[in-house]
Amino acid sequence: GEGWGTGFLLKGSLIHTSLGDDPILVTNAHVVSSIPGMSQLQAAEIEAHFEVTKGIDGEPLVIKGLTEIWSSPIAKRDITLLRFDTEIPELPQPIEAAPVLPPKTEGAFVYVIGHPAGGGVKFSIRGNDLLGYDSDEVKVHYTAPTEGGSSGSPVFTSAWQLMALHHAGNSQMKRLDDPTKTYKANEGITIDSIRAEYAADNNLSAG
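Every value quoted in this text rests on a predicted model; they were computed, and no experiment measured them. (Residues numbered from 1 in each chain as written. Predicted model: local features only at pLDDT ≥ 70, side-chain atom pairs only at ≥ 80, totals over all residues. Heavy atoms only, no water.)

Describing helix H1 (residues 191-201)
Those residues of H1 lying buried are Ile191, Ser193, Ile194, Glu197, Tyr198 and Ala199. Of the surrounding elements, those touching the buried residues of H1 are strand E5 (66-72), strand E6 (79-84), strand E12 (162-174) and strand E13 (182-190). One or two positions beyond H1, positive phi appears at asparagine 203, with a value near 50°. (Buried < 20%, exposed > 50% of the residue type's maximum accessible area, 1.4 Å probe, protein only. Helix = DSSP H or I, 4+ residues; strand = E, 2+ residues; numbered from the N terminus. Contact = heavy atoms within 4.5 Å.)

This is the structure in structure tokens:
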């Protein structure tokens, strides 16, 4: 019954066409994973609680019965993909992915939606500066405020297109442009890098 982290629904094909268009649940590997020592929770132990997607009784939808499809450890992409063994929730409005990452420019910002402290859904819409990317465009840093429980949140561009999976934050985060310096920042893993890792891990062509 304890809120542990955040997850969100995507069409599987947004990660790879081989996953089809049924919804999958996306979260961090440090929230849920079968990788030894990665997480305290396994897929079979969790319940998915949805505030926006409702059940047939009109109440917030709660689903048990999830199976792990794929997990990448914290040191790589810190992501777990889960499929539903029971009722498959409908996607009211499927999330779109950003075709390109927004450039780091003055005034560029992002949005983060999550369940900080295991509570109700919250939007991070102020103080959300986009700070930059690493050289491989795997990691992205931003100042959007988050709390414990925000792990697994989607990170959106200013056009509300998915660009990254939130996974960490630190008041002394090493800067991506100069690791000898630190700043207060949050960190996400870009969706394009997750797609590439999934394809490589599963010996699939990109797409």
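Some details on the sheet that holds strand E1 (residues 8-11)
The four strands lie next to each other as E1-E2-E6-E5, forming an open sheet whose pairing is antiparallel. In the strand order of this sheet, the two ends are held by E1 and E5, each with one partner. Neighbour to neighbour, the strand axes of the sheet diverge by 35° on average, direction disregarded. Pairing between E5 and E6: six bridges, direction antiparallel. Following the sheet pairing, tryptophan 70 is matched in E6 by leucine 81. Packing against the sheet, H1 makes contact with E5 and E6, and its axis sits at approximately 100° to E5. (Pairing = 2+ DSSP bridges. Axes fitted to C-alpha atoms, helices over the stretch in contact; angles between N-to-C directions.)

Some details on empty space enclosed by the protein
Summed over the entire model, instances satisfying the criterion amount to one cavity of 30 Å³ or more. In terms of lining residues, the largest cavity is bounded by Ala97, Ala98, Val100, Leu101, Leu162, Met163, Ile191 and Asp192. Elements represented by at least two residues in the lining of the largest cavity include exactly E12 and H1. (1 Å grid on protein atoms, 1.4 Å probe; cavity = no way out; pocket = protein on both sides within 12 Å on 5 of 7 lines; lining within 4 Å. Points joined across faces, edges and corners; volume = space filled by probe spheres on them.)

Quick notes on the pattern of salt bridges
Once their charged atoms are close, side chains differing in charge can pair, the charge on each being opposite to the other. Here the structure, examined in full by the defined rule, presents six salt bridges. Between lysine 181 and aspartate 178 there is a salt bridge whose closest N-O contact spans 3.9 Å. For lysine 181, a relative accessible area of 48% gives the class partly exposed. A relative accessible area of 22% means that aspartate 178 is categorised as partly exposed. (Salt bridge = Lys/Arg side-chain N within 4 Å of Asp/Glu carboxyl O.)

A closer look at the packing of aromatic side chains
Applying the stated criterion across every chain, the model contains four aromatic pairs. Between tryptophan 70 and tyrosine 198 the ring centres are 5.1 Å apart and the planes differ by 90°, which places this aromatic pair in the edge-to-face class. Of the two residues, tryptophan 70 sits in strand E5 while tyrosine 198 sits in helix H1, which places them 128 residues apart along the sequence. For tryptophan 70, a relative accessible area of 7% puts it in the buried group. Look at tyrosine 111 and tryptophan 160: their rings are 4.1 Å apart centre to centre, the planes differ by 10°, and that puts the pair in the stacked class. Pair noted here: tyrosine 111 is in strand E7 (residues 111-114) and tryptophan 160 is in the loop between strand E11 (154-156) and E12, with a separation of 49 residues, a long-range link. Accessibility expressed as a relative area gives 15% for tyrosine 111, which makes it buried. By relative accessible area, tryptophan 160 is classed as partly exposed at 39%. Taken together through their ring pairs, the aromatic side chains of Phe109, Tyr111, Phe156 and Trp160 make up a single cluster. (Phe/Tyr/Trp six-rings, centres within 6.5 Å; stacked < 30°, edge-to-face > 60°.)

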